[in-house]
Amino acid sequence: MKGHQEPRSGSSCAACKLLKRRCTPSCQFAPYFRSDEPNKFAKVHKVFGASNVSKILNEVPEEQREDAVNSLVYEADVRLKDPVYGCIGAIASLQKKMIELQDDLILARARLAYYVDHTVSFSDDGGINMCPVIDMVNVQDCFSFDQFSQFPFP
Amino acid sequence: MNRAACLNGAFSVVKRMSVICPSLPAVGVTTWPARKLEISQNSNNIMSSTRCAACKHLRRRCPSDCIFSPYFPSDNPQRFAYVHKIYGASNVAKILQDLPVNRQGEAADSLYYEAHCRIKDPIHGSVGIITLLHQQIYNAQTHLSKIQAEIAVLSANAQTESKYQHQVEQMPNFDSNLMPQQKGVYDPSTWLSQNGL
């Protein structure tokens, strides 16, 4: 004798279609993996696995699950395109660009300081003050996060 | 910048500080040393003397050709625990098996750190760091554009001033007290506000 079964959903979500199971109204994946986007779940399933995705979503408040799904889809996509480095490769190139920008900012500030030092200023009435009010941006203010304070790579 | 420095930099504070540059073997050389195996006297099968972290975690025998053992040593159980929690052992094995042997170590490293990011931030994972870096790059580029605009204005003013001085010096019997004050051509603050900076 069969136990009580949940009623079937009108149409299966992409996850339940791929997993070949009945999609119920309480399906955890249905809100985020619609049936018209089969590749989205396929990528996530290939990299993380359905049960791991389910565990991750269970740890996240419901109102933030869509963000979590979007980031998992992005990570899976990048990992499939770059199986060796995944998102870490993207982070490394962005970090490299940041360091180049830091160098450019330091040079630009030095040039600006040179021009300020060498600009003639007239202080007589009717004269012109050729030294503009310069907002000397602190380079360190641009970068203020510290996700990891260690260097884990050997 | 070499690979380790890039990867370490990605996990460093995003500001000017020295990046550790360890010495690494050249590309193409296996970075992870092969494990030496001891043959059990009581078994015809070759078994590893110590199981790798993966096989210990999975509570199974560690075969001689274990895909995990070179990259998940038994002295670092957290490394495999994180990867297994996020990806699952079978998915990690598939990813590693699809790669050439000389790239498997780097892949295992990146999987570990992505798993680390995801455990630390279950909502955004490593994508959160990418988003933050994009924002910071945008801010830095905006600041750089502002400073370059100010340099352009000052440079133009300096050239105008230099030209004006030269013209004055060239005039015979010039008496500066008789000349009206000349307004500057460029007003830097007006120029900046007119150009939305």
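The name that an unreviewed UniProt entry assigns to chain B is LOB domain-containing protein 23-like, with the source organism given as Forsythia ovata. Its UniProt record gives chain B a comment under Sequence similarities (unreviewed entry), which states: "Belongs to the LOB domain-containing protein family."

Identification of chain A as LOB domain-containing protein 21 from Forsythia ovata is taken from an unreviewed UniProt entry. The UniProt entry for chain A carries this comment under Sequence similarities (unreviewed entry): "Belongs to the LOB domain-containing protein family."

Draft legend 1. Just the overall build of chain B, in detail. When its secondary structure is counted, chain B shows seven helices and two strands. Going from N to C terminus, chain B has its helices and strands arranged as α-β-β-α-α-α-α-α-α. Going through the 197 residues of chain B one by one, you find that 39% of them count as buried. Contacts in chain B between residues far apart in sequence, at least 24 positions, make up 47% of those at least 6 positions apart. When the accessible surface of chain B is summed, it comes to about 11500 Å², and 51% of that surface belongs to carbon and sulfur atoms.

Draft legend 2. Expanded view of the environment of Lys-97 of chain A. With respect to the secondary-structure elements, Lys-97 of chain A resides in helix H5 (residues 87-118). Since its relative accessible area comes to 35%, Lys-97 of chain A is described here as partly exposed. Beyond its immediate stretch of four places on either side in the chain, Lys-97 of chain A contacts Ile-137 and Gln-141 of chain B.

Draft legend 3. Looking closely at the packing of helix H4 (residues 89-97) of chain B against helix H5 (residues 101-120) of chain B. Residue and element names in this part refer to chain B. Their axes nearest at 9 Å, the elements H4 and H5 cross at an angle of 145°. As H4 packs across H5, the resulting crossing turns out to be right-handed. For the pair formed by H4 and H5, the contact residues are Val-92, Ile-95, Leu-96 and Gln-97 on the first element and Gln-104, Ala-107, Ala-108 and Leu-111 on the second.

Draft legend 4. Quick peek at the environment of Val-127 of chain B. The topology assignment puts Val-127 of chain B in helix H6 (residues 126-170). For the pair formed by Val-127 of chain B and Glu-114 of chain B, sequence separation is 13 residues and the distance between their alpha carbons is 9.2 Å.

Draft legend 5. View of the nonpolar core. In this structure, Phe-29, Phe-33 and Phe-48 of chain A together with Phe-68, Phe-72 and Tyr-87 of chain B are the most contacted members of the largest nonpolar core, which totals 73 residues. Broken down by element, this core gets its largest block of residues, ten residues, from H5 of chain A. Taken together, domain 2 (66-120) and domain 3 (126-153) of chain B each give at least three residues to this core, which thus spans both. In this view, Phe-33 of chain A contacts Cys-13, Ala-14, Ala-15, Lys-40, Phe-41, Val-44, Val-69 and Val-73 of chain A; residues no more than four positions away in its chain are not counted.

Draft legend 6. Structural view of the environment of Ile-56 of chain A. With respect to the helices, strands and loops of the structure, Ile-56 of chain A is situated in helix H3 (residues 50-59). Sequence separation between Ile-56 of chain A and Leu-72 of chain A is 16 residues, and the spatial gap between their C-alpha atoms is 9.6 Å. Ignoring sequence-local partners within four residues, the contact set of Ile-56 of chain A consists of Leu-72 of chain A together with Ile-86, Arg-118 and Pro-122 of chain B.

Draft legend 7. A look at the pattern of salt bridges. Applying the stated criterion to the full structure yields ten salt bridges over all chains. For Lys-85 of chain B, the salt bridge goes to Glu-59 of chain A, with nearest N and O atoms at 3.3 Å. A residue pair is termed interchain when its members come from two chains, as with Lys-85 of chain B in helix H3 (residues 77-86) and Glu-59 of chain A in helix H3. Judged by relative accessible area, Glu-59 of chain A falls into the partly exposed class, the value being 49%.

Definitions and cut-offs
- Residues numbered from 1 in each chain as written.
- Chains lettered and ligands numbered in written order.
- Predicted model: local features only at pLDDT ≥ 70, side-chain atom pairs only at ≥ 80, totals over all residues.
- Heavy atoms only, no water.
- UniProt positions renumbered as here; feature names shortened; annotations may be inferred.
- Helix = DSSP H or I, 4+ residues; strand = E, 2+ residues; numbered from the N terminus.
- Buried < 20%, exposed > 50% of the residue type's maximum accessible area, 1.4 Å probe, protein only.
- Contact = heavy atoms within 4.5 Å.
- Areas by Shrake-Rupley, 256 points an atom, 1.4 Å probe, with all protein chains shown as cover.
- Axes fitted to C-alpha atoms, helices over the stretch in contact; angles between N-to-C directions.
- Left-handed = near helix turned anticlockwise from the far one by under 90°.
- Core = buried A, V, L, I, M, F, W, Y, C linked by side-chain atoms within 4.5 Å.
- Domains from an automatic or database assignment.
- Salt bridge = Lys/Arg side-chain N within 4 Å of Asp/Glu carboxyl O.

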